[in-house]
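Chain and residue survey
In case you want the letters, here they are:
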Amino acid sequence: MDTNAQPLSRTPLYDLHVELGARMVPFAGYEMPVQYPTGVLKEHTHTRSLAGLFDVSHMGQVRLSGDAAAAALESLVPVDVIDLPVGLQRYALFTNEQGGILDDLMVSNAGDHLFLVVNAACKAQDLAHLHRHLDARCKVEELADRALLALQGPAAAAVMARLAPETAKMVFMNTGVVTLAGADCMISRSGYTGEDGFEISVPADRAEALARLLLAQPEVAPIGLGARDSLRLEAGLCLYGHDMDTATTPVEASLGWALSKVRRADGARAGGYPGADVILGQLAGGVQRKRVGLLVKDRMPVREGAELVDAEGRPAGRVTSGGFGPTVGVPVAMGYVPSALAAPGTALQAIVRGKPVAVEVAKTPFTPQRYHRG
């Protein structure tokens, strides 16, 4: 967005970030902490070894209510919402008529309503999309009075169990309501780092008290957007607007695992969402290009936008995310390559400042995901 056109928004934790010495940068229309004084590398390793606290309050939180909410939402996403059990969350994608991805989101069944979390940069368009298509069938409300915190890392479970013992029973993608810092919080056991962890939706006026309570735990440190990016990249997780967009389908983006069986060609509720013909056709017949992981065989990080070429120097796609992977110890990247070049082990080159850098197609995640599946 044009940051000159309108002032940047601030999350309820803005003052706390400044107090903690964060370097604030514009991100998706908000002033957000990119790093704290310890720096991105230490924040990354702290999250992988103990627990990191992330402010993700810039993301959109939406409630869908009414008897037809699940069926209504299924008209916009290629996933099973109708049979999503109470207390569970699922990854979903808004698609367009060409099968392209409008945004990725989380959907949880809270019993009397569905709770959605959408990306910050897509929040306004996602809300407009939901209102336009669903207003006649269910109630769509933005929960603008709530903040969102993420506690991530191998010590996250111990921290949460100390503050809310009932969280110990939760496994990956479970959701529930617990009291934290005197506030009713909607939580899920999930996150965006590849680690075990929790995402916590809290009333905005209690967000700072909760953040301070979590930061007072000896395992917890504040983590900025810089480490959030390196953590999710190592975990092989897509960033909307970079690794997928309106010109990318879920099949091209290697997100076929997210397309529920029941919504596939032979499923009980096949299709029925925008771009279904394109997506189902690709599931059956394959795609021309695919998102892959790339291990860089050099110390030189390969960044978003770098062109890829094959062994003969012919164009072979481009990099969509890249940087140093502190846990892996080498630069890593993701990008799109022709399907014929998508097999792990395929040798390619990335053009960095006019020079070829050797890369190899690799399986993702680059570092094992450690979700708590029970």
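Going by the structure above, here's the rest.
1. Quick word on the side chain of Arg232
Counting through the fold element by element, Arg232 comes out in helix H7 (residues 225-234). With a relative accessible area of 2%, Arg232 lands in the buried category. Within polar-contact distance, the side chain of Arg232 engages the side chain of Ser321 at 2.7 Å. With residues up to four places along the chain from it excluded, the contact list for Arg232 reads Tyr192, Leu237, Cys238, Leu239, Asp243, Ser321 and Met334.

2. What about the packing of helix H2 (residues 40-49) against H7?
Contact geometry of H2 with H7 gives a least axis separation of 8 Å together with a crossing angle of 55 degrees. Compared by their axis directions, H2 and H7 come out oblique. Considering the relative orientation of H2 and H7, their crossing is right-handed. For the pair H2 and H7, contact is made by Val40, Glu43, His44, Thr47 and Arg48 and by Gly226, Ala227, Ser230, Leu231 and Glu234, respectively. Among the residues forming the contact of H2 with H7, the class breakdown is three nonpolar, four polar and three charged.

3. Details of the nonpolar core
In this structure, Leu151, Leu180, Cys185, Ile187, Ile200, Leu210 and Leu214 are the most contacted members of the largest nonpolar core, which totals 27 residues. The leading source of residues in this core is helix H6 (residues 207-215), at four residues. Membership of the second largest hydrophobic core comes to 26 residues, among which are Leu237, Met244, Ala253 and Tyr371.

4. Focus on the pattern of salt bridges
Here the structure, examined in full by the defined rule, presents 21 salt bridges. For Asp83, the salt bridge identified is with Arg269, shortest N-O distance 3.4 Å. Here the residue Asp83 occupies a position in the loop between helix H3 (69-74) and strand S6 (89-95), and Arg269 occupies one in the loop between H7 and helix H8 (276-285), the gap between them amounting to 186 residues. Taking relative accessible area as the criterion, Asp83 reaches 46% and is therefore assigned partly exposed. One continuous salt-bridge network, built from bridges that share partners, spans Glu74, Asp80, Asp83, Arg90, Arg263 and Arg269.

Thresholds applied
Residues numbered from 1 in each chain as written. Predicted model: local features only at pLDDT ≥ 70, side-chain atom pairs only at ≥ 80, totals over all residues. Heavy atoms only, no water. Helix = DSSP H or I, 4+ residues; strand = E, 2+ residues; numbered from the N terminus. Buried < 20%, exposed > 50% of the residue type's maximum accessible area, 1.4 Å probe, protein only. Polar contact = N/O pair within 3.5 Å; in protein donor to acceptor, adjacent residues only side chain to side chain. Contact = heavy atoms within 4.5 Å. Axes fitted to C-alpha atoms, helices over the stretch in contact; angles between N-to-C directions. Parallel < 35°, antiparallel > 145°, perpendicular 65-115°, else oblique. Left-handed = near helix turned anticlockwise from the far one by under 90°. Nonpolar A, V, L, I, M, F, W, Y, C, P; charged D, E, K, R; others polar. Core = buried A, V, L, I, M, F, W, Y, C linked by side-chain atoms within 4.5 Å. Salt bridge = Lys/Arg side-chain N within 4 Å of Asp/Glu carboxyl O.

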